Amino acid sequence: MVINRLSIRDIRNLHAVDINPCKTINFFSGVNGSGKTSVLEGISLIAHGRSFRSHLTSPIIRFDCDQGVVYSEVIQCDGTIVSIGVQKERKGLTSVKVNKQSARQSSELARYLPIQVIDADSFSLISGAPSIRRKFFDWLVFHVEHPFLALWQRYTAALKQRNSLLRRGKITYSDLEPWDAEMVSQGEQLHEVRARTYSYFKEAYEQLSSLKVWDNETQNIDLVYKRGWSEEETLSEALKSSFERDLKSGTTHIGPHRADLWVRSKGRKVSDWLSRGQQKTLVVKLFLSIAEAYSKVKGTFPVFLLDDLPAELDKYHREELLRHLVNTGGQVFITGIEVDDLTQYLDKEPSTLYKMFHVEHGTVTERKS
Ligand SMILES: Nc1ncnc2c1ncn2[C@@H]1O[C@H](COP(=O)(O)OP(=O)(O)OP(=O)(O)O)[C@@H](O)[C@H]1O
C-alpha cells in the first residue's frame, strides 16, 4: 500500500498541508516543535481513525479550531486507489469516509492502510507490560486471520460479563458457567489463529536473524508465544481452577487476554541484561519481522512511520535499517531534526527513491535537490 496524496487541516500546529509523498522513503526535517510528528500523527488518523500519541480528540485539534481533517489517497495492492477522509471534532465525534461513503467502524481503515509506528515509546516493547507485546502481535493476527476481530470482540464481551459477576461477589462457579462456555468457545479459536500467525512471525524473525546487522547478543534471542493459560490444562479446566483466585481479586487471571510473546535468551528475560542500545536494535528487529511476516501473507509491506529515528539508533544501525526498508520497497515516513541525519545515506541512493520535506511552524514544503 502506498499513500499517494496526503492533506492535513488543523491537526496540532498543521494548518494546511498538501503533499504527494514518494512511494518509498519520505524524510521530514525541521527544528523541535515544527510539526514533524504531527504529520505522522495525521497519517495514523487515516490508518486507525485515532492518533498514536493521544487517545483524546481535543489535544489533536489545532487550538481555536472546532475540527481537524485528514484526507488521503492510498494505492492498494491491485492498483485501485482508495480515498480516505477522517474528520475529528473537538466535541469528540469522529467521522470516517472511504471512497466518500461513511465507514461503520474505524477498524475498516486498518485494512486499507496498514501501518507500523516506531517511536520512543516502541522501545518499551521488550521491557514493558505483556499487553504491549500482545497488541503488537495481534496487529499481525488481525491482518492475516480474518476471523480474529470477531473472535476477540465476542471473547472480550464474555470476559467483561464474567469480571462484573466476579466483582459482585457472593457467587458460585455455576453462575459463571454460561460466560465461561462462551470464553472457551471463542478463546480456543483465538489461540488457534494466534498460534498459526506466530509460525509466520517466528519464521520471518529467524530469517532476519541471519543478517549481519545484529550483534551476537541480539542474534541469539528466542521468541516464545504464551497462550495465556497453562499448557497442562484446557481453557475450560484453567478457568475453573482459577475461580477462587479470580473471585478474591474480582478479575479473570487466565485466558487469551493474558497471552504474551516472551523474548528470552537461555531462559533469561532480555530486559534484565541487554544494554539499552541492544534492546533498541532488538525492537527494530521485531518490527521488521512483523512487517516481513505481514508481507509473506499479503504480498505487500505495511507503511512505516519512524518518529525521530536518528535519536534512537546509532549511525550504523540507522543506515542498516534504512537499507533494509529501501530493499523491501515499502513506503516509509521518517522524521528527524537535521537533514544531514539521513542525506549521507540517501545520497548514495537514486533520487527517485526518496523525497525530503522541510517542516517549519506547521507548514510542510518539499525540498528540491
Ligand atoms: N492542539 C494544538 N494546536 C496547535 N498547536 C499544537 C497543538 N498541540 C501541539 N501543538 C504544537 O504543535 C507543535 C508541533 O509538535 P510536534 O510534536 O509535531 O513537533 P516536532 O517537530 O515533532 O517536534 P520535536 O522535534 O520536538 O519532536 C508543537 O510546537 C506543539 O506545541
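How each quantity is defined
- Residues numbered from 1 in each chain as written.
- Predicted model: local features only at pLDDT ≥ 70, side-chain atom pairs only at ≥ 80, totals over all residues.
- UniProt positions renumbered as here; feature names shortened; annotations may be inferred.
- Helix = DSSP H or I, 4+ residues; strand = E, 2+ residues; numbered from the N terminus.
- Rg over C-alpha atoms; globule rule 2.2 N^0.38 Å.
- Contact = placed C-beta atoms within 7 Å.
- Near = placed C-beta within 6 Å.
- Buried ≥ 20, exposed ≤ 12 C-beta atoms within 10 Å, placed from the backbone.
- Axes fitted to C-alpha atoms, helices over the stretch in contact; angles between N-to-C directions.
- Parallel < 35°, antiparallel > 145°, perpendicular 65-115°, else oblique.
- Nonpolar A, V, L, I, M, F, W, Y, C, P; charged D, E, K, R; others polar.
- Domains from an automatic or database assignment.
- Pairing = 2+ DSSP bridges.
- Core = buried A, V, L, I, M, F, W, Y, C linked by C-beta atoms within 7 Å.

Identification of the protein chain as DNA replication and repair protein RecF from Marinibactrum halimedae is taken from an unreviewed UniProt entry. UniProt, in the comment section headed Function (unreviewed entry), describes the protein chain in these words: "The RecF protein is involved in DNA metabolism; it is required for DNA replication and normal SOS inducibility. RecF binds preferentially to single-stranded, linear DNA. It also seems to bind ATP." In its Subcellular location (unreviewed entry) section, UniProt records this for the protein chain: "Cytoplasm".

Here's the deal with the overall build of the protein chain
The secondary structure content of the protein chain amounts to twelve helices and 15 strands. Its C-alpha radius of gyration of 22 Å places the protein chain within 12% of the 21 Å reference for a compact globule of 369 residues. Seen through its C-alpha atoms, the protein chain measures out along the principal axes to roughly 70 × 50 × 40 Å. For the protein chain, restricting intrachain contacts to residue pairs at least 6 apart in sequence, the fraction spanning at least 24 positions comes to 74%.

Here's the deal with the site of the ligand
In the vicinity of the ligand there are 17 residues, among which Asn 13, Asn 32, Gly 33, Thr 37 and Ser 38 approach most closely. Looking at the shell around the ligand element by element, the count peaks at three residues for helix α1 (residues 36–48).

Section: unusual backbone geometry
Located in the positive-phi region is Asn 99, a residue other than glycine, with phi close to 50°. Along the chain, Asn 99 falls in the loop between β6 (94–98) and β7 (101–102). Judged by local crowding, Asn 99 falls into the exposed class, with 12 C-beta atoms found within 10 Å. Residues other than glycine seldom take positive phi values, yet His 361 does so here, at roughly 45°. In this fold, His 361 is placed in the loop between β14 (354–360) and β15 (363–367).

Some points on the packing of helix α3 (residues 130–144) against helix α5 (residues 173–209)
Geometrically, a packed helix pair is captured by the angle between its two axes and the distance between the axes. Running from N to C, α3 and α5 point in directions that differ by 105°, and their axes come no closer than 9 Å. Between α3 and α5, the angle is such that the two are roughly perpendicular. Residues Leu 140, Val 141 and Val 144 of α3 touch α5, and the partners they reach there are Val 193, Arg 194, Thr 197, Tyr 200 and Phe 201. For the contact of α3 with α5, a count of residues per class yields six nonpolar, one polar and one charged.

Some remarks on the domain arrangement of the protein chain
For the protein chain, the assigned domains are domain 1 (1–114 + 302–369) and domain 2 (125–298). Look at where the C-alpha atoms of domain 1 and domain 2 centre, and you get two points 29 Å apart. Contact residues are listed per partner, giving eleven residues for domain 1 and eleven residues for domain 2. Mapped by element, the contributors of at least two residues to the side of domain 1 that touches domain 2 are α2 (107–112) and α11 (315–328).

Focus on the sheet that holds strand β5 (residues 81–89)
Read across the sheet, six strands follow the order β2-β1-β4-β5-β6-β7 without closing on themselves; strand pairing throughout is antiparallel. Each end of this open sheet is capped by a strand with a single partner; those strands are β2 (14–19) and β7. Looking at chain direction, β5 and β6 are connected through five bridges and run antiparallel. When the sheet's bridge partners are listed, Gly 85 is paired in β6 with Lys 97. Those strands touched by α1 are β1 (2–11), β2, β4 (67–75) and β5, and its axis lies near 110° from that of β1.

Notes on the nonpolar core
When a protein is soluble and globular, its nonpolar side chains tend to lie buried together. Ranked by size, the top nonpolar core spans 83 residues in total, and within it Val 39, Ile 43, Ile 46, Leu 113, Phe 287, Ile 290 and Leu 305 carry the most contacts. With ten residues, the single largest contributor to this core is helix α9 (residues 276–298). Residues from two domains meet in this core; each of domain 1 (1–114 + 302–369) and domain 2 (125–298) gives at least three. Excluding anything up to four places from it in sequence, Ile 290 contacts Gln 116, Phe 136, Trp 139, Leu 140 and Phe 201.

With respect to the UniProt feature "binding site: ATP" (unreviewed entry) in the protein chain
The UniProt entry lists Gly 30, Val 31, Asn 32, Gly 33, Ser 34, Gly 35, Lys 36 and Thr 37 under the feature "binding site: ATP" (unreviewed entry), expressed in the numbering used here. Here Gly 33 is to be found in the loop between β3 (25–29) and α1. Tracing the backbone through its elements, the reader meets Lys 36 in helix α1.

Considerations on the sheet that holds strand β11 (residues 268–269)
Strand order in this open sheet of three strands is β9-β10-β11, and the pairing throughout is antiparallel. In this open sheet, the two edge strands, each paired with only one partner strand, are β9 (222–226) and β11. In this sheet, β11 lies alongside strand β10 (residues 260–265) in antiparallel orientation, the contact comprising two bridges. For Ser 265, the partnering residue across the bridge sits in β11 and is Arg 268.

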